[in-house]
Each structure stands twice: as C-alpha cells, then as structure tokens.
Amino acid sequence: MWQALRHELHPKGFELVAVGLDTLGGDGCRVFIEAAKPEHPSLIDRHHVLADLFGVINIPSSVWIDERGMIVRPAEAAPAPPRPGDTGRPRVNLPSELPQRFVDIMSEASKIRNDAQAYHAALRDWVDRGAASRFALSPAEVVERSRPRDKAKSLGHAHFALASQLEIDGHHDAAVRHFREAHRLVPESWTFRRQAWSLERVIDGPLARFWQGPDPTHPETWPYAGDWLVDVRREGAENYNEPWRP
Amino acid sequence: MLLRSLQVPKREFEAGTGWTLKPEGACRGEVCVPMSQQVGDTVDVARVADELGMPLIDEKQFGLWALGPASIGSRALATAEAAELRLPDLNGNEFRLSSLRGQKVLLYAWAPY
C-alpha cells in the first residue's frame with residue numbers, strides 16, 4: 001500500500017520516511033518493518049520525538065515537507081492508500097474464538113473516519129504541482145494549523161519522555177506514574193495513551209499489545225483512567241480522526 | 001527531550017529540541033528568542049529551558065531529567081521550517097531528515113500497537 005505509492009511517486013522526486021513510534025523500539029517494530037521490506041527510510045522513534053518536534057498526536061499520521069525543508073502540511077491523519085489486498089501488516093493468525101474484547105475493538109475501529117480518496121488525490125496533486133498545488137499550505141497556515149500547545153501540554157511531553165525511558169530501563173511502576181501525567185496533560189494524544197496501554201501485559205500471544213485494557217478477571221489492577229474501548233466509545237469512533245481539511 | 005545531565009553539549013541540545021543556539025538567541029527557522037547570556041559549547045539546560053519556556057522535570061533517583069518542547073506562539077510548530085530529525089533505523093544507523101533536501105518528503109508516523 002504505502003510501498004506501492006512510494007514506488008509510483010519516487011521517480012517524481014518524492015520520498016516516504018516511515019517512523020515507528022514505540023518505546024519498545026526495534027523489538028516492537030521489527031516484525032512489521034521486515035514484513036513490509038521497505039525501500040524507503042524506516043526509522044525507530046522510542047521517545048516519540050515526532051510528537052515534540054512535529055505535533056504528532058495520532059497514528060497513522062503524516063507531515064508533508066517540500067524540497068527546501070519547509071512543512072507544507074502539518075501533522076494530520078494519513079489513511080492508507082485505497083488499494084485492495086495487501087494490508088502491509090504481517091498476517092496474524094487469529095484465534096478461532098476471538099475474545100469478545102477484540103470483536104468489540106474491531107467493530108469500533110470499522111467506524112473510524114477515513115478520507116483516503118481525498119487525501120491521496122491531494123498528495124498526488126502536490127507531488128505533481130508542488131507549491132502551485134492548493135493543498136500546499138503557506139508557512140503561516142502551517143503554523144496556524146499545527147496543534148495548540150501551552151506550557152501544560154509541553155510538561156505532558158516531558159512526562160512522556162521520562163515515562164518511556166523509565167520503561168526502557170525496567171522501572172515500569174515509575175513509568176506508569178509519568179504516563180498518567182502525560183495523559184492528563186495532553187488528553188488529545190492517542191499515541192501517548194495507546195503507547196502506555198500497549199505496554200500492559202494482560203494476555204499473551206501475538207495480539208497482546210492490542211488488548212489495551214483491563215484484565216476482565218482483575219479489572220482493579222488496570223493502572224490507567226481509560227482504555228482503548230472506553231476512550232474510543234466516549235469520544236466516538238467517528239471523531240477518532242479529525243475530518244480531512246483541503 | 002530526555003537528559004542524564006543538566007549540562008549538555010550544545011549540539012545535543014540543538015538536536016533534541018530543534019532549537020539552534022546562535023549569537024542572536026535561540027532560533028527555529030526565522031523565529032529567534034533572545035537569550036540573556038551567550039551560550040557556549042555546553043548548555044546550562046535549566047537556564048536556557050527557563051528562557052525558552054520549556055518545562056524541566058526530574059526523576060532524580062533514576063538520574064533522569066526531561067525537557068518539554070517549546071510552546072512559543074502556543075502552537076506545536078513555531079515555524080514551518082521542519083526541525084532536523086535524527087533517528088536510527090532497525091540496524092541502529094542514524095538517518096537525518098535533512099539528507100532528503102531537494103525531494104518532497106512524506107513523514108509517516110505509525111506504531112505497532
């Protein structure tokens with residue numbers, strides 16, 4: 001999907017730089033990167049510097065940068081190219097009886113807004129026409145459209161950086177405390193939440209990191225205020241991505 | 001930005017925060033914030049952070065500090081000029097976003113969770 005699009009646009013002076021946001025680093029990302037066999041740069045971002053430097057709050061999302069290094073579209077939802085077939089993810093053998101939680105998550109995920117047609121038409125227009133494309137925003141528009149950030153949100157980013165390093169160093173309980181602060185201070189960040197939730201081991205197996213919620217037999221041990229299902233239902237799956245703006 | 005010391009080499013501070021320390025102040029693209037003192041080869045993080053409005057927190061028992069990003073202009077981006085991004089690939093080789101100047105780039109954030 002992204003690979004095929006990159007292959008199509010690369011001869012026109014376009015490059016895709018994929019960045020995997022994961023505190024677990026290569027241990028978390030490797031299986032997906034190796035399955036995709038990318039020809040483009042594919043990087044690992046353990047501390048979510050894309051959040052600090054580019055205002056990324058969700059995945060998948062993108063930032064468009066022109067030949068001079070100027071951002072022409074700040075972080076926004078980046079739907080997969082609309083191509084049937086290959087999902088770009090390794091095939092996971094689903095258990096024959098999927099736990100109800102995954103059935104519920106898949107049901108919510110299917111309601112997430114996806115403006116793939118408009119987004120990819122705009123991308124091709126920009127690659128062909130450059131600054132003349134109406135989808136290439138002016139520097140002032142880029143700054144104005146980037147996420148609001150005050151000092152409290154910036155403090156939330158600092159807590160996230162501490163949390164991810166504490167997790168890497170094996171101090172999980174201390175990490176949880178700082179992840180919770182990051183969630184409180186930057187409530188709009190799905191990546192800060194999903195990252196923390198994905199580090200809680202509730203089930204075993206290939207789907208462990210997608211559980212992202214309490215153990216049904218011991219819900220009191222879940223350390224976070226929300227979880228994937230509770231938060232997506234509260235905010236509405238249809239609001240998970242902001243509508244794409246031309 | 002994660003820190004293990006409050007005195008860091010200037011280039012490390014610049015890489016971690018995206019702000020370049022110049023004689024006229026701390027700059028991102030065309031935006032420059034004047035500093036009360038010149039910054040030498042080593043950055044006194046606490047002082048510079050304060051002047052740039054970056055929150056600084058610590059976990060002293062683990063020897064860690066973290067610096068939040070600047071919030072100049074109350075936006076994630078102070079300028080449309082892309083910050084330099086230096087990240088490793090799976091093999092630990094550092095990649096620099098600036099190496100792609102002259103091409104259009106789609107920076108794509110994903111996660112395995």
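Residues numbered from 1 in each chain as written. Chains lettered and ligands numbered in written order. Predicted model: local features only at pLDDT ≥ 70, side-chain atom pairs only at ≥ 80, totals over all residues.

Student: In this structure, what is going on with the pairing of strand E4 (residues 71-77) of chain A? I would like to understand it.
Tutor: On a regular strand, each side chain points to the face opposite its neighbour's, so the side chains alternate between the two faces of the sheet. Residue and element names in this part refer to chain A. Among the seven residues in E4, seven count as buried, and that is most of the element. Of the pairings in the sheet, the one linking strand E3 (residues 61-65) to E4 comprises four bridges and is antiparallel in character. For Ser61, the partnering residue across the bridge sits in E4 and is Ala77. (Buried ≥ 20, exposed ≤ 12 C-beta atoms within 10 Å, placed from the backbone. Helix = DSSP H or I, 4+ residues; strand = E, 2+ residues; numbered from the N terminus. Pairing = 2+ DSSP bridges.)

Student: Please explain the domain arrangement of chain A as it appears in this structure.
Tutor: One frequently used descriptor of interface size is the decrease in accessible area upon assembly of the parts. Residue and element names in this part refer to chain A. Partitioning chain A into domains gives domain 1 (2-104 + 114-145) and domain 2 (151-236). Each partner contributes residues to the interface: domain 1 has 15 residues there, and domain 2 has 17 residues. Mapped by element, the contributors of at least two residues to the side of domain 1 that touches domain 2 are helix H3 (49-54) and helix H4 (100-109). Sort the elements by how many residues they give to the side of domain 1 that touches domain 2 and H4 lands first, with three residues. (Domains from an automatic or database assignment. Contact = placed C-beta atoms within 7 Å.)

Student: When you look at the sheet that holds E3 of chain A in this model, what are you seeing that I'm missing?
Tutor: Sheet strands pair by backbone hydrogen bonding; their relative direction is either parallel or antiparallel. Overall, mixed pairing links the five strands, which are arranged E2(A)-E1(A)-E11(B)-E3(A)-E4(A) in an open sheet. The open sheet has two edge strands with one neighbour each: strand E2 (42-45) and E4 of chain A. Between one strand and the next, the sheet's axes are offset by a mean angle of 20 degrees, whatever the strand orientation. Note that strand E1 (residues 14-21) of chain A and E2 of chain A share four bridges and pair parallel. Bridge assignment links Val19 of chain A to a residue of E2 of chain A, and that residue is Leu43 of chain A. (Axes fitted to C-alpha atoms, helices over the stretch in contact; angles between N-to-C directions.)

Student: What is the right way to read the packing of H4 of chain A against helix H11 (residues 228-235) of chain A from this model?
Tutor: A packed helix pair is summarised by two numbers, namely the angle formed by the two axes and the spacing between the axes. All names here are of chain A. It is the contact of H4 with H11, at a shortest axis distance of 10 Å, that shows an interaxial angle of 30 degrees. Considering the angle they form, H4 stands roughly parallel to H11. Considering the relative orientation of H4 and H11, their crossing is left-handed. Side by side, H4 and H11 meet where Arg101, Asp104, Ile105 and Glu108 of the first sit next to Trp228, Leu229, Val232 and Arg233 of the second. Its residues placed into classes, the contact of H4 with H11 shows four nonpolar, no polar and four charged. (Parallel < 35°, antiparallel > 145°, perpendicular 65-115°, else oblique. Left-handed = near helix turned anticlockwise from the far one by under 90°. Nonpolar A, V, L, I, M, F, W, Y, C, P; charged D, E, K, R; others polar.)

Student: Is there a simple way to think about the interface of chain B and chain A in this case?
Tutor: Contacts between chain B and chain A engage 47 residues on the former and 72 residues on the latter. Looking at the side of chain B that touches chain A, the elements with two or more residues in it are strand E7 (56-59), strand E8 (64-67), strand E9 (86-88) and strand E11 (104-110) of chain B. Here the side of chain B that touches chain A takes seven residues from E11 of chain B, the largest share from any one element. Within the side of chain B that touches chain A, the residues separate by chemical class into 31 nonpolar, ten polar and six charged.

Student: What should I look at first to understand the sheet that holds E8 of chain B in this one?
Tutor: Spatial ordering of the open sheet is given by E1-E8-E7 (chain B), a layout of three strands whose pairing is antiparallel. With one partner strand each, in any of the chains shown, strand E1 (2-3) and E7 of chain B form the two edges of the open sheet. As paired elements, E7 of chain B and E8 of chain B share four bridges and run antiparallel to each other. Bridge pairing in E8 of chain B links Glu59 of chain B to Leu64 of chain B. Along the sheet, helix H7 (residues 151-168) of chain A makes contact with E1, E7 and E8 of chain B, crossing E8 of chain B at roughly 145 degrees.

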